[in-house]
Amino acid sequence: MSGDPIYTEMIIEYSRNPSNFGKIENPQIHRHDSNPLCGDSIDLYVNVDGTKITDVKFDGKGCAICMACTSVLTEMIQNKTLDEVKNFQKDELLAELGLEHLIKTSPVRIKCALLSLKALKYGIYSYFTEKMNDVKAAGNLKEEAASLY
Amino acid sequence: MQSTTQSLDTQCRSDFPVLERRVRDDKALVYLDNAATTQKPIQVIDAITDYYKNHNSNIHRAVHALAEESTEAFEVTRTKIAKFLNVEKSEEIIFVKGTTEAINLVANAWGRDNVQKGDIVVTTEYEHHSNIVPWQLLTQETGAELRYVDIDDNGELMLEQLDEHLATGKVKLVAVSHVSNVLGTITDIKKVIKKCKDAGAKVLVDGAQAVPHMKVDIANLDCDFYAFSAHKMLGPTGVGVLWARKELLENMKPYQGGGDMIREVHKQETTWNDLPYKFEAGTPNVADVICFAAAIDYLTKIGMDNVRNHEIELTKYALEKMSKVKGLIIYGPKDTQRQGGVISFNFKDVHPHDVATIIDKNGVAIRSGHHCAQVLMEKLDVAATNRASFYIYTTKQEVDVLIDSLEQVAKVFKL
């Protein structure tokens, strides 16, 4: 099936060999999330130095779309500041894998693609509100995460 | 339905308008998600239209003509179901909204008065969430213990574990599927029921995947509670049946209070209506119960042995072909004598949702996910599976389309 709009070489490759796959012990940010519908289930681990992300890893089980998108997300936020990552938009992530069309074509599969971004936004929100006691810095990340899909 | 010299699918296919659908770039629909819900024949669709066009009325109260007609039609369904299941007393047939509600009814109305701290409720690893969660709620509330019968590598119950549980003498109820919704495994239900009876435990059978697919004879089974849903057997959504022994129903408190379930209501006290109405509070799903009769008629005309034989043939055909697809892992008994028309499978290293998405492009509808059976998914050590499930209208050509699509998946993922 050549030219499949979803299952590109890149996605298959990432699903086979996900980037930053593994666990960080006692991370500063840890968020578990799952899609009850399809059974994607991931744990995202992030360490920060001040406000800069120093390490990102994830583990769990998921479909090719979820594995590929989570891999790309972890690559994209490595060494970024939390402020930069806070404003990270779903289009940027989807574009990286050529999956922008999913927003329109597959309301079901878009959840697989954006699960990790949702986990990240919630994770940073909790980090700001619970560990840093800085509700202002957390902004409306929680609402943003909830409205991703 | 056409002549009976043809295969079952050829006889009945033209009765199902939706099977004419084209989907996803004009592909013929191949509907293989029958364990989730079946399609509806024109006879059922016409029955619901006829009801709303010509008879619509509330039941059991008013004396006008429409109310009389509706009440009669509603009760005719009850009688037909009783006959279909070989139940002698039709008042033992309680209408609910589905299998889930039937089980919750038992957990609440029977469980709360009969299960106490120190007692044991037993369920199995291959249950649907609807036959696990109500028992978790009940045992957590009462301080009773919830135990499981595990499955072996063939996806069959390890009945020696049931023996161990029963030997404690503390088991009050065993809740078990007649047929697993994921693996298709047919429980050796008579054996299970006999063991439970010998040990003095009650048995609830979740028949959601059995009644639609094989002859079920409740009188012969000797269980205590039996539950199933209409929409998995050509009928409408929102209707289910709980069958229970009359003496149990008589001693149970009502599940819900309201209209229809009462005899007399006073300021501080109420007396209950007779069976089955004691358990049917409020206006029931009149229209859908009435048109469910058309589904029962349809299946009765075909004959449940023919339904079962058709599914055996299809399952055998599919299992043989699927076993040759590269990288495909099939779960369950893989033996058509011990398996309904349900096949669960995974590709090595390919998530079920990716499989479903790829084959959906060919018009093939299968289910991928945990099938409301996360306990079983844990056991199989997978997040989810794909499931193809057949029914009376499924053809071998449709199985071929499935197989071609699976081969496409193997190719895309370079298996």
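Residues numbered from 1 in each chain as written. Chains lettered and ligands numbered in written order. Predicted model: local features only at pLDDT ≥ 70, side-chain atom pairs only at ≥ 80, totals over all residues. Heavy atoms only, no water.

Outline the overall build of chain B, listing residues and values.
Helix and strand counts for chain B stand at 14 helices and 17 strands. Whereas a compact globule of 415 residues would reach a radius of gyration of roughly 22 Å, chain B reaches 22 Å, a difference of no more than 12%. Along the first, second and third principal axes, the C-alpha set of chain B runs to 70 × 55 × 35 Å. The buried share of chain B, reckoned over its 415 residues, is 58%. Accessible surface, chain B as shown: approximately 17,100 Å² in total, 48% of it carbon and sulfur. (Helix = DSSP H or I, 4+ residues; strand = E, 2+ residues; numbered from the N terminus. Rg over C-alpha atoms; globule rule 2.2 N^0.38 Å. Buried < 20%, exposed > 50% of the residue type's maximum accessible area, 1.4 Å probe, protein only. Areas by Shrake-Rupley, 256 points an atom, 1.4 Å probe, with all protein chains shown as cover.)

Residue-level account of the pattern of salt bridges, with values.
All names here are of chain B. Enumeration according to the criterion identifies 30 salt bridges over all chains in this entry. The residue Asp400 makes a salt bridge to Lys321 at a minimum N-O spacing of 3.1 Å. One end of the pair, Asp400, is in helix α14 (residues 396-412); the other, Lys321, is in helix α11 (residues 304-322), with 79 residues separating them in the sequence. For Asp400, a relative accessible area of 24% gives the class partly exposed. Looking at Lys321, the relative accessible area reads 31%, which means it is partly exposed. Among the charged side chains, a salt-bridge network with shared partners connects Lys197, Asp222, Asp224 and Arg245. (Salt bridge = Lys/Arg side-chain N within 4 Å of Asp/Glu carboxyl O.)

Before we move on, can you summarise the sheet that holds strand β2 (residues 40-49) of chain A with the specific residues and values?
All names here are of chain A. Pairing in this open sheet of three strands is antiparallel, and the strands run β1-β2-β3 from one edge to the other. The open sheet terminates on both sides in strands that have one partner only, identified here as β1 (29-35) and β3 (52-61). Across the sheet, the mean angle separating the axes of adjacent strands is 15 degrees when strand polarity is ignored. Strand contacts of helix α6 (residues 110-131): β1 and β2, with the helix running at about 145 degrees to β1, the strand carrying the most contacts. (Pairing = 2+ DSSP bridges. Axes fitted to C-alpha atoms, helices over the stretch in contact; angles between N-to-C directions. Contact = heavy atoms within 4.5 Å.)

Now, about the packing of aromatic side chains: what can you tell me, with residues and values included?
In total, this model carries nine aromatic pairs over all chains according to the counting rule given. Ring geometry for Tyr127(A) and Phe128(A): centres 6.0 Å apart, planes at 55 degrees, overall tilted. Residue Tyr127(A) shares its accessibility class with Phe128(A), and that shared class is buried. With 5.3 Å between their ring centres and 65 degrees between their planes, Tyr51(B) and Tyr52(B) make a pair best called edge-to-face. The exposure class of Tyr51(B) is buried, given its relative accessible area of 3%. One aromatic cluster in this structure is built from Phe16(B), Tyr298(B), Tyr391(B) and Tyr393(B). (Phe/Tyr/Trp six-rings, centres within 6.5 Å; stacked < 30°, edge-to-face > 60°.)

Lay out the environment of Val382(B) with the relevant residues and their values.
Position of Val382(B) among the secondary structure elements: in the loop between α13 (374-380) and β17 (385-389). Counting along the chain gives 209 residues from Val382(B) to Leu173(B), while the straight-line C-alpha distance between them is 29 Å. Beyond its immediate sequence surroundings of up to four residues, Val382(B) is in contact with Lys61(A), Tyr331(B), Asn346(B) and Met377(B).

Tell me what's going on with the domain arrangement of chain B, and back it up with residues and numbers.
All names here are of chain B. Along its sequence, chain B is organised into domain 1 (8-31 + 304-412) and domain 2 (47-300). Put simply, the middle of domain 1 and the middle of domain 2, counted by C-alpha atoms, are 28 Å apart. Each side of the interface is counted separately: domain 1 has 33 residues, and domain 2 has 28 residues. Across the interface of domain 1 and domain 2, roughly 2,500 Å² is buried in total on both sides, 61% from carbon and sulfur atoms. On the domain 1 side of the contact with domain 2, Met304, Leu376 and Tyr391 bury the most area, a combined 26% of that side's loss. Counting across the interface, domain 1 meets domain 2 through two salt bridges. Of all the secondary structure elements, the ones that give two or more residues to the side of domain 1 that touches domain 2 are α11, β14 (342-347), α13 and β17. In terms of residue count, the dominant contributor to the side of domain 1 that touches domain 2 is α13 (six residues). (Domains from an automatic or database assignment. Buried area = accessible area lost by both parts, 1.4 Å probe.)

Which residues make up unusual backbone geometry, and what are the values?
All names here are of chain B. A cis geometry characterises the amide bond from Leu275 onward to Pro276, with omega recorded as 0 degrees. Phi at Lys334 is positive, roughly 55 degrees, even though this residue is not glycine. Not every positive phi belongs to a glycine, and Asp349 is a case in point at roughly 70 degrees. In this fold, Asp349 is placed in the loop between β14 and α12 (352-360).

Describe the layout of surface pockets, and please don't skip the residues or the numbers.
To find leftover empty space, a probe the size of one water molecule is rolled over the atoms. Volume-wise, the largest pocket comes out at about 810 Å³. The wall of the largest pocket is formed by 33 residues, among which Ser106(A), Arg24(B), Ala356(B), Thr357(B) and Asp360(B) lie closest to the centre. Mapped by element, the contributors of at least two residues to the lining of the largest pocket are α5 (102-105) of chain A together with α12, β15 (364-365) and β16 (367-369) of chain B. Counting residues per element, the lining of the largest pocket draws most heavily on α12(B), at four residues. Classifying every residue of the lining of the largest pocket gives 14 nonpolar, eleven polar and eight charged. In this structure, the second largest pocket encloses a volume near 390 Å³. Along its surface, the second largest pocket is lined by 22 residues, and Gly62(A), Phe347(B), Asp349(B), Val350(B) and His351(B) are the ones closest to its centre. (1 Å grid on protein atoms, 1.4 Å probe; cavity = no way out; pocket = protein on both sides within 12 Å on 5 of 7 lines; lining within 4 Å. Points joined across faces, edges and corners; volume = space filled by probe spheres on them. Nonpolar A, V, L, I, M, F, W, Y, C, P; charged D, E, K, R; others polar.)

Explain the side chain of Asp224(B) residue by residue, including any values.
Residue and element names in this part refer to chain B. Assignment of secondary structure puts Asp224 in the loop between α8 (218-221) and β9 (225-229). According to the relative accessible area criterion, Asp224 is buried, its value standing at 2%. Within the local environment of Asp224, its side chain forms a polar contact with the backbone nitrogen of Val203, the two atoms lying 2.8 Å apart. In terms of polar contacts, Asp224 uses its side chain to reach the side chain of Arg245, at 3.2 Å. (Polar contact = N/O pair within 3.5 Å; in protein donor to acceptor, adjacent residues only side chain to side chain.)

So what about the nonpolar core? Which residues, and what values?
Within the largest apolar cluster, 79 residues are counted, with the highest numbers of intra-cluster contacts made by Tyr226(B), Phe292(B) and Ile392(B). If you tally residues by element for this core, the top one is helix α10 (residues 286-302) of chain B, at twelve residues. Composition of this core by domain shows at least three residues from each of domain 1 (8-31 + 304-412) and domain 2 (47-300) of chain B. If we skip the residues at most four places from it in the chain, Ile392(B) touches Leu8(B), Asp9(B), Cys12(B), Phe16(B), Leu234(B), Tyr298(B), Ile302(B), Val307(B) and His310(B). Counting 78 residues, the second largest nonpolar core, distinct from the first, contains Tyr14(A), Ala68(A), Phe88(A) and Phe413(B). (Core = buried A, V, L, I, M, F, W, Y, C linked by side-chain atoms within 4.5 Å.)

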